[in-house]
Amino acid sequence: MTTKNSNSGSAFTLLEIMIVIAVIGLLAAVAIPNLMKARIESQRNACINNMRRLSGAASAWALENKKGLAEVPTQADLVEKLYLREMPVCPAGGTYTLAMAGAKPTCTINGHTL
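In this text the structure is predicted, and so the values were computed from the model without any measurement.

Section: the overall build of the protein
And then number 1: Counting its secondary structure elements, the protein contains two helices and two strands.
And then number 2: Against the 2.2 N^0.38 benchmark of 13 Å for 114 residues, the protein shows a C-alpha radius of gyration of 28 Å, more extended than a compact globule.
And then number 3: Oriented by its inertia axes, the alpha-carbon framework of the protein measures out at about 100 × 30 × 15 Å.
And then number 4: Here the protein holds 114 residues, and the buried ones make up 24% of them.
And then number 5: Long-range contacts, defined here as pairs at least 24 residues apart, represent 55% of the contacts in the protein between residues at least 6 apart.
And then number 6: By element, 62% of the accessible surface of the protein is carried by carbon and sulfur atoms, the whole surface being about 8600 Å².
And then number 7: Averaging the coordinates of the 11 positive side-chain charges in the protein and doing the same for the 7 negative ones gives two points 6 Å apart.

And the structure:
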């Protein structure tokens, strides 16, 4: 009766494993910068959308309260009177500055402009 050696030809060689690791490293080197760029771009787009909401709420506040375009609403004016459910927060960590009802709000992060 003969026995078969179970290790013959069924294992990966060191060279095959090194090639697989090199390919995975190459894919990671290409993918990671693109993921970071997409993350920054999505944060910028969310911030711009938040500033649009702030601008619309400030315009509605000025119209409903018969305020001039030179008056600046406070955060309490916009949230307590339900122009906004809550004050939006910049996803990149910036802070918003409310402007006059006819002007655009601003964010402290460069590149986040309405």
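Some points on the nonpolar core
Note on soluble globular proteins: their nonpolar side chains tend to be buried together.
And then number 1: In terms of nonpolar packing, the biggest core is built from 15 residues, with Cys47, Met51, Leu54, Leu78, Leu84, Tyr96 and Cys107 touching the most fellow members.
And then number 2: Beyond its immediate stretch of four places on either side in the chain, leucine 78 contacts Leu54, Ala57, Ala58, Trp61, Pro73, Tyr83, Leu84 and Leu98.

Remarks on the pattern of salt bridges
And then number 1: A complete count under the given rule lists one salt bridge for this structure.
And then number 2: Residue arginine 44 pairs with glutamate 41 through a salt bridge whose shortest N-O separation is 2.8 Å. Pair noted here: arginine 44 and glutamate 41 are both in helix α1 (residues 14–64), with a separation of three residues, about one helical turn.
And then number 3: Look at arginine 44 and you get partly exposed, because its relative accessible area is 26%.
And then number 4: Given the relative accessible area of 36%, glutamate 41 is considered partly exposed.

Describing the state of the cysteines
And then number 1: Using the criterion set out here, one finds zero disulfides in the structure.
And then number 2: No disulfide involves cysteine 47; its nearest neighbouring cysteine sulfur is the one of cysteine 107, lying 3.6 Å away.
And then number 3: Since its relative accessible area comes to 0%, cysteine 47 is described here as buried.
And then number 4: Of the residues examined, cysteine 107 reaches a relative accessible area of 13% and is grouped as buried.

Here's the deal with the environment of valine 72
And then number 1: By the element assignment, valine 72 lies in the loop between α1 and α2 (75–80).
And then number 2: Taking relative accessible area as the criterion, valine 72 reaches 43% and is therefore assigned partly exposed.
And then number 3: It is 74 Å that separates the C-alpha atoms of valine 72 and serine 10, two residues lying 62 residues apart in sequence.
And then number 4: Setting aside residues no more than four positions away along its own chain, valine 72 makes contact with Trp61, Leu98, Ala99 and Met100.

Rules used in this analysis
Residues numbered from 1 in each chain as written. Predicted model: local features only at pLDDT ≥ 70, side-chain atom pairs only at ≥ 80, totals over all residues. Heavy atoms only, no water. Helix = DSSP H or I, 4+ residues; strand = E, 2+ residues; numbered from the N terminus. Rg over C-alpha atoms; globule rule 2.2 N^0.38 Å. Buried < 20%, exposed > 50% of the residue type's maximum accessible area, 1.4 Å probe, protein only. Contact = heavy atoms within 4.5 Å. Areas by Shrake-Rupley, 256 points an atom, 1.4 Å probe, with all protein chains shown as cover. Lys, Arg positive; Asp, Glu negative; His and termini not counted. Charge placed at Lys NZ, Arg CZ, Asp CG, Glu CD. Core = buried A, V, L, I, M, F, W, Y, C linked by side-chain atoms within 4.5 Å. Salt bridge = Lys/Arg side-chain N within 4 Å of Asp/Glu carboxyl O. Disulfide = S-S within 2.5 Å.

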